[in-house]
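Residue-level structural notes
The chain contents come next:
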Amino acid sequence: MVTAAFVGSKPVQPHPGDHFAMTFAPLSLDEVYKLADDSANGAIVVMSGMVRDNTDGKAVVCLEYQAYEPMALQVFRQIAAEIRHTWTDVTHVVIHHRVGKLAIGEISVLIAVGCPHRSEAFAACQYAIDTLKHNAPIWKKEHWEDGSTSWVSIAACEQNDC
């Protein structure tokens, strides 16, 4: 069942041009771009979050993501509704996030926003990733080179630019 997102106290139905996914499978830049493509677009901005090899100078071997998927997808729908309320010309909002164990260099999140104008597309895309990191129930486990691990709420990354 798809639950409506809200802008203020008003329910907003999902837009047919939007697409959201949580998956164990590798994410595809090409697929996300195609889902955001539209003849009305003057720009498609894509943000690709990747697994890097260190955090604060400490060597990372891999990351493991877990999520409460139904709620995360609802947060994605809410983000899209808020984007459409703020940037009314947006044609498509696409948010895909990985779960499971990811190696260095793998894509963990892809966000694409299609819009007639680039400034709105950039602003909406930044809003989407910042809001996702703050609100989505997604957690990552960092696997360190020394064999230790630690769990990090994605929202905690906001302060540390994880």
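The following paragraphs examine the structure supplied in this document. Only a predicted model underlies this, so the values are computations on that prediction, with no experimental measurement involved.

Unusually for a residue other than glycine, aspartate 56 sits at a positive phi of about 50°. Structurally, the position occupied by aspartate 56 is in the loop between strand S5 (54–55) and strand S6 (58–67). Relative accessible area serves as the criterion here: at 73%, aspartate 56 is assigned to the exposed category.

Right, let's get into the pairing of strand S9 (residues 107–115). Regular strands place their side chains on alternate faces of the sheet. Extensive coverage of S9 is indicated by the burial of nine of its nine residues. As defined by bridge partners, strand S4 (residues 43–50) adjoins S9 across eight bridges and the pair is classed as antiparallel. Counterpart to glycine 49 in the pairing with S9 is valine 109. With six bridges connecting them, strand S7 (residues 92–98) and S9 associate as antiparallel partners. Directly across from valine 93, in S9, lies its bridge partner valine 113.

Aromatic ring pairs are defined here through the distance separating the ring centres and the angle between the ring planes. Using the criterion set out here, one finds one aromatic pair in the structure. The side chain of lysine 58 reaches across the aromatic face of tryptophan 144, ending 4.4 Å from its centre.

Nonpolar side chains tend toward joint burial in soluble globular proteins. With 34 residues, the main nonpolar core has Phe76, Ile83, Val90, Ile95, Ile111, Leu132 and Ile138 as its most contacted residues. Put simply, the parts of the chain that give this core at least two residues each are strand S3 (19–23), S4, S6, helix H2 (69–86), S7, S9, helix H3 (118–135) and strand S10 (138–144). The dominant element in this core, judged by the number of residues it contributes, is H2, at seven residues. Contact partners of phenylalanine 76, with chain neighbours within four places excluded, come to Phe20, Ala21, Met22, Ile95, His97, Leu132, Ala136 and Ile138. One finds Leu27, Ala36, Val94 and Leu110 within the second-largest nonpolar core, a separate group that totals eight residues.

By the definition in use, this model includes three salt bridges. The salt bridge involving lysine 34 is made with aspartate 30; its shortest N-O contact spans 3.0 Å. With a gap of four residues between them, lysine 34 and aspartate 30 both fall in helix H1 (residues 29–36), about one helical turn apart. Under the relative-accessibility criterion, lysine 34 is labelled exposed at 57%. In this structure, arginine 98 engages glutamate 106 in a salt bridge whose closest nitrogen and oxygen atoms are separated by 3.1 Å. For arginine 98, a relative accessible area of 5% translates into the label buried.

About the criteria used
- Residues numbered from 1 in each chain as written.
- Predicted model: local features only at pLDDT ≥ 70, side-chain atom pairs only at ≥ 80, totals over all residues.
- Heavy atoms only, no water.
- Helix = DSSP H or I, 4+ residues; strand = E, 2+ residues; numbered from the N terminus.
- Buried < 20%, exposed > 50% of the residue type's maximum accessible area, 1.4 Å probe, protein only.
- Pairing = 2+ DSSP bridges.
- Phe/Tyr/Trp six-rings, centres within 6.5 Å; stacked < 30°, edge-to-face > 60°.
- Lys NZ or Arg CZ within 6 Å of the ring centre and 35° of its normal.
- Core = buried A, V, L, I, M, F, W, Y, C linked by side-chain atoms within 4.5 Å.
- Contact = heavy atoms within 4.5 Å.
- Salt bridge = Lys/Arg side-chain N within 4 Å of Asp/Glu carboxyl O.

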